[in-house]
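Letter by letter, the chains look like this.
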Amino acid sequence: MKHAYSLILPILLVLGGCLPSPFSTAPSSGKDDAAASGTSEQTPVEHFIAINEAGTLGAVDDEAFGGRVDITVEAVFTSAGGRTCKRAVVSRPPHEAEIVILCREDGGKWAMMPRVWGRGLQ
């Protein structure tokens, strides 16, 4: 039973990040497509997930993830806060795969939720 609680905590942390932040900036006007998609500020992994649909496989170089990584966009879902989100698996052998969540903000930009199993965590 103790093991079950240790599995639930990371899931709750990821889904909690999908809720709207009271400290977020004002939504954009939506007139500038590049700004709305966030392509100028996104890492290569974020950009790949944002522009692709569920079932898409690919590989990109992203120093935030340690170099060349494989990405599988798994699903699009609605968070508890009503935001549209995408879940993807990012892997860089021999390291463990990491679940990455991006959610669409009010201005239309995709933003990555806090990384639970990122590099340096033990």
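Preceding block: the structure.
Residues numbered from 1 in each chain as written. Predicted model: local features only at pLDDT ≥ 70, side-chain atom pairs only at ≥ 80, totals over all residues. Heavy atoms only, no water.

Here's the deal with the pairing of strand 4 (residues 98-104)
The condition is simple: Each residue is assigned to one of three classes by its accessible area relative to the maximum for its type, calculated with a 1.4 Å probe on protein chains only: buried under 20%, partly exposed between the two thresholds, exposed over 50%. To qualify as a helix, a DSSP run of H or I must reach at least 4 residues; to qualify as a strand, a run of E must reach at least 2; elements of each kind are numbered from the N terminus. For two strands to pair, DSSP has to find at least two bridges joining them.
When you tally the buried positions in strand 4, you get five out of seven residues, the bulk of the element. Bridge analysis of strand 3 (residues 84-91) against strand 4 gives six bridges, and the strand direction is antiparallel. Note on strand 4: the bridge partner recorded for Val 90 is Glu 98. Alignment of strand 4 against strand 5 (residues 110-112), held across three bridges, turns out to be antiparallel. By the bridge assignment, Arg 104 is partnered in strand 5 with Trp 110. Here strand 4 folds back onto strand 5, and the loop between the two strands holds five residues, one of which, Gly 108, carries a positive phi near 95°.

Brief notes about the sheet that holds strand 3
In plain terms, the rule: Every angle, taken between N-to-C directions, lies between 0 and 180 degrees, and every axis is a line fitted to C-alpha atoms, over only the stretch in contact when it is a helix. The contact definition used throughout considers only heavy atoms, calling two residues in contact when any of these lie within 4.5 Å.
Taking strand neighbours across the sheet as the criterion, the five strands line up as 1-2-3-4-5 in an open arrangement whose pairing is antiparallel. If you trace the sheet from one side to the other, it starts and ends with strand 1 (57-62) and strand 5, each paired once. Each strand of the sheet is rotated relative to its neighbour by a mean of 35°, with strand direction disregarded. Pairing geometry for strand 2 (residues 67-78) and strand 3, over eight bridges, is antiparallel. Residue pairing for strand 3: Phe 77 is matched across the bridge by Cys 85. Here helix 3 (residues 44-51) sits on the sheet in contact with strand 1, strand 2, strand 3, strand 4 and strand 5, set at roughly 155° to strand 1.

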